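Each chain, written out:
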Amino acid sequence: MTSTTRTDLIEAAMGDRPLDLAILNASLVNVFTCEVYAADIGVLGDRIALATPAGTYDLEAASKVDATGLWAAPGFVDTHLHIESTMVTPPAYAAGVLPRGTTTSIIDPHEIGNVLGKEGVRYMIDSSEGLPLSVFVCIPSCVPAVEGAETAGAYFGPEDVAEMMTWPRVIGVAEVMDFQGVIHRDPRMLGIVQAGLEADMVVQGHSPLLKGREANAYTAAGIHNDHELRDGAEGLEKLRLGLLPLLKVSSHGNHVPNILPQMLEARHVDIALCTDDIEPADLLENGHMDRVVREMVSHGVEPARAIRWATWIGAQHYGLRDRGAIAPGYRADFVLLDSLEDVSVRDVYADGERVVAAGKMTVEIPLDTMEPPGGNTVHLNPLTARDLEPRTPIENGSVQVNTMHLLPSRLTELRTVAAKVRDGRLILSSIAEDACFLAVIPRHGQAHGPGLSILTGLELNQGAIATTVAHDSHNLMVAGRNTEDMLAAVQALEASHGGIAFTSDGEIIGQVDLPIAGLMSGKSVADLAVDMAELNDVAVEFGITHRAKALATTGLALTVIPAVSASDTAGLLDIASQEAIPMFP
């Protein structure tokens, strides 16, 4: 679509030239006033020329759509997400989310950045160019998430971030996950934040449960928003400090019920919305930004207000001044809904062209527009099953063991328990019924061996699960009831160049291949959703009841989520102190 000049828009608004498209008799969701009223919408090229009460003018247009019984709303703006978490390439992602009404995505490519460095970030920018989905980029701040606490496939310092801030469609610094580094004045983290501020761009936050002086210090450093809230008191405090909350519903969890009711007690609340991490089966079954809007409505938020949060607030926050509203001069990105309450998307228009009709794509998006970078990214040192099992300080008897317990919220806690040792080996069943060995295995060519720990709370009842999706450094993580199955799962992923695998009794029970950086497939969302649905069924058979199912372990190595994490260098890591926790105290 050719860009439309302001003169063209003025002429069309005045009726001095015909419109390209007129949407008539729609119930317009006005995100400025949160009103809903019958309206006619005039489109010229890629812009809205006018939006007037229905029937006010006799609009001349090349094409007219009678939208009686439909609601017209701006296309949804996803304010923070990782395309890699949907495990497909940017073109496949666009084809997956456009039917759900998302027309603008603000991505953080730190997953692939941790594997392939700048080459990975550049791939995400280049492969998202020219799509009907508008993709903007925030440059990763966490490669790795916490320097010294883990190792990744690349390293970004302030100079690297400053360089990438000049790349096309870059509008911010991505989530500053090392909030401890910021508040303790780590030069690398302060330099990265400063690079964003000097570029006059948004700096995304990531500071779960941070409150009080620490939250004030984090905000004072130059952080602008935060999507990692956990409770209402935290959300309200951050709102009062000027941090824009980005409430999310993701495949890994939904904290909105614990956050939103208390925030709504404030006299005025404007927030933005995001998805963060959505796996393909979840996207097809439950939705994308449309689901997040439905979640807001389920807590008593008026639909027009929820849509304001999902569109205009986020767009303005990021300086995308001509997006997020159906109003003169704005980009013609909008949706037609069958139901306002259910946020049921029927048609989607991007840049003035209909790209979705009756829930189906009307334009073809080729999936193989670029050769993915990197080749095989799973580079392991030789391993034996014994390498995946901790050495005990005694041959026989009882010892105290520090373990990581996975909570339903996806947070973790440190638990110290008594364990039996026989012939120099831990007896897992003496720790907990579901106790597992957990290993984070370097896969980026590092020389050191695996970081080992003990995990409970996963409820794994057999075999092992291995994954190269292990936020955020994406080493190879494997959890298992025995080391033989763990080794078999590791070898399966080494052979396939990455993905997720379940093994039991030495056999592969389920596997999804993700050969692009060990994070993504070349398949469509629909095709990969079938694979992931089958793998999720395997996860349930293996006893995993966590909401994320086959992805339940993928956050265990995240060195910025309380209270403890697994690390390739430390084994078990204390998040608050960023110090290693000995397995045997």
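What you see as residue numbers is a count from 1 along each chain, following the sequence as written. Side-chain atom pairs in this predicted model are given and counted only at pLDDT of 80 or more, local residue features only at pLDDT of at least 70, and totals for whole chains, interfaces and linings cover all residues. The basis for every side-chain value is the complete set of non-hydrogen atoms in the structure, without hydrogens or water.

### What to know about the overall build of the chain
Comment: elements are numbered from the N terminus, with helices defined as DSSP H or I runs of at least four residues and strands as E runs of at least two. Helix and strand counts for the chain stand at 16 helices and 29 strands. Note on method: radius of gyration uses C-alpha positions; expected globular size equals 2.2 Å times residues raised to 0.38. The C-alpha radius of gyration of the chain comes to 25 Å, within 12% of the 25 Å expected for a compact globule of 585 residues. Taking the principal axes of its C-alpha atoms as reference, the chain extends roughly 90 × 50 × 45 Å. Throughout, exposure labels follow a simple rule: accessible area from a 1.4 Å probe, protein chains only, divided by the maximum for the residue type, with under 20% read as buried, over 50% as exposed, and the rest as partly exposed. Each of the 585 residues in the chain was classed as buried or not, and the buried ones make up 62%.

### Concerning the domain arrangement of the chain
What the domain assignment lists for the chain is domain 1 (6–73), domain 2 (74–334) and domain 3 (385–581). Domain ranges listed in this record stem from an automatic or a database domain assignment. Summarising the inter-unit geometry, the C-alpha centres of domain 1 and domain 2 are found 31 Å apart. By definition in these notes, contact holds between two residues if any of their heavy atoms fall within 4.5 Å. At the junction of the two partners, domain 1 supplies 20 residues and domain 2 supplies 19 residues. Throughout, the accessible surface (probe 1.4 Å) given up by two parts as they are put together, summed over both, is called the buried area. Both faces combined, the contact of domain 1 with domain 2 buries some 1600 Å², and carbon together with sulfur accounts for 71% of it. The largest per-residue losses of area from domain 1 upon contact with domain 2 belong to Val-31, Ile-48 and Ala-73, which jointly make up 38% of the total buried on that side. Any Lys or Arg side-chain nitrogen located within 4 Å of an Asp or Glu carboxyl oxygen qualifies as a salt bridge. Our count for the domain 1 to domain 2 interface comes out at 1 salt bridge. Side-chain atoms alone can form a polar contact between residues adjacent in sequence; in general such a contact is a pair of N or O atoms within 3.5 Å, and within protein one must be able to donate a hydrogen while the other accepts it. At the junction of domain 1 with domain 2, the criterion picks out 6 residue pairs in polar contact (both at pLDDT 80 or more). Of all the elements in the fold, those that place two or more residues in the side of domain 1 that touches domain 2 are helix H1 (6–13), strand E1 (19–30), strand E2 (35–44), strand E3 (47–53) and strand E5 (71–74). Sorting elements by how many residues they give to the side of domain 1 that touches domain 2 places E3 first, with 5 residues.

### Looking at the sheet that holds strand E27 (residues 564–567)
Ordered in space as E27-E28-E29, the 3 strands form an open sheet in which the pairing is antiparallel. Each of the sheet's edge strands pairs with one partner strand only, and the pair in question is E27 and strand E29 (579–581). For this sheet, the mean inter-axis angle between neighbouring strands, taken without regard to orientation, is 45°. With 4 bridges connecting them, E27 and strand E28 (residues 571–574) associate as antiparallel partners. Bridge assignment links Val-564 to a residue of E28, and that residue is Asp-574. At least two bridges found by DSSP between two strands are what make those strands a pair. To obtain each axis, a line is fitted to C-alpha atoms, and for helices this fit is confined to the stretch in contact; angles are then taken between N-to-C directions over 0 to 180 degrees.

### Considering the packing of helix H12 (residues 289–298) against helix H13 (residues 303–310)
Their axes nearest at 9 Å, the elements H12 and H13 cross at an angle of 140°. Classified by the angle their axes make, H12 and H13 are oblique. The chirality of how H12 crosses H13 is right-handed. Between H12 and H13, the contacting residues are Met-289, Val-293, Met-296 and Val-297 on the first element and Pro-303, Ala-306, Ile-307, Trp-309 and Ala-310 on the second. Residues are sorted three ways: Asp, Glu, Lys and Arg are charged, Ala, Val, Leu, Ile, Met, Phe, Trp, Tyr, Cys and Pro are nonpolar, and all the rest, Gly among them, are polar. When the residues that make up the contact of H12 with H13 are grouped by side-chain class, the tally is 9 nonpolar, no polar and no charged. When describing relative orientation, an angle under 35 degrees is termed roughly parallel and one over 145 degrees roughly antiparallel, while 65 to 115 degrees is termed roughly perpendicular and anything else oblique. For any helix crossing, the convention is left-handed if the near helix is rotated counterclockwise from the far helix by under a right angle, and right-handed if that rotation is clockwise.

### A closer look at the pattern of salt bridges
Counted according to the given criterion, the structure contains 24 salt bridges. The shortest N-O distance in the salt bridge between Asp-276 and Lys-248 comes to 2.6 Å. Of this pair, Asp-276 sits in the loop between strand E13 (272–274) and helix H11 (280–286) while Lys-248 is found in strand E12 (residues 244–248), placing the two residues 28 residues apart along the sequence. Just as Asp-276 is buried, Lys-248 falls in that class too. The closest approach of N and O atoms between Arg-294 and Asp-290, which form a salt bridge, is 3.3 Å. Of the two residues, Arg-294 and Asp-290 are both situated in helix H12; the distance of 4 residues between them amounts to about one turn of the helix.

### Some points on the packing of aromatic side chains
Here is the rule: rings of Phe, Tyr and Trp (six-membered ring for Trp) pair when centre to centre is within 6.5 Å. Planes less than 30 degrees apart are stacked, more than 60 are edge-to-face, and the remainder are tilted. Using the criterion set out here, one finds 4 aromatic pairs in the structure. The structure contains a cluster of three or more aromatic residues connected by ring pairs, namely Phe-32, Trp-312 and Tyr-330. Above the face of the Trp-167 ring, Arg-122 is positioned so that its terminal group lies 4.0 Å from the ring centre. A ring is considered to have a charge above it if a Lys NZ or an Arg CZ atom is located within 6 Å of its centre and within 35 degrees of its normal.

### Digging into the packing of helix H9 (residues 232–241) against helix H10 (residues 256–263)
Describing two packed helices takes the angle between their axes plus the distance from one axis to the other. As a packed pair, H9 and H10 sit with axes 7 Å apart at the nearest point and diverge in direction by 50°. By the angle between their axes, H9 is oblique relative to H10. Note that H9 runs across H10; the crossing there is right-handed. Here Gly-232, Ala-233, Gly-235, Leu-236 and Leu-239 of H9 lie close against H10, whose contacting residues are Asn-258, Ile-259, Gln-262 and Met-263. Looking at the contact of H9 with H10 residue by residue, the classes come out as 5 nonpolar, 4 polar and no charged.

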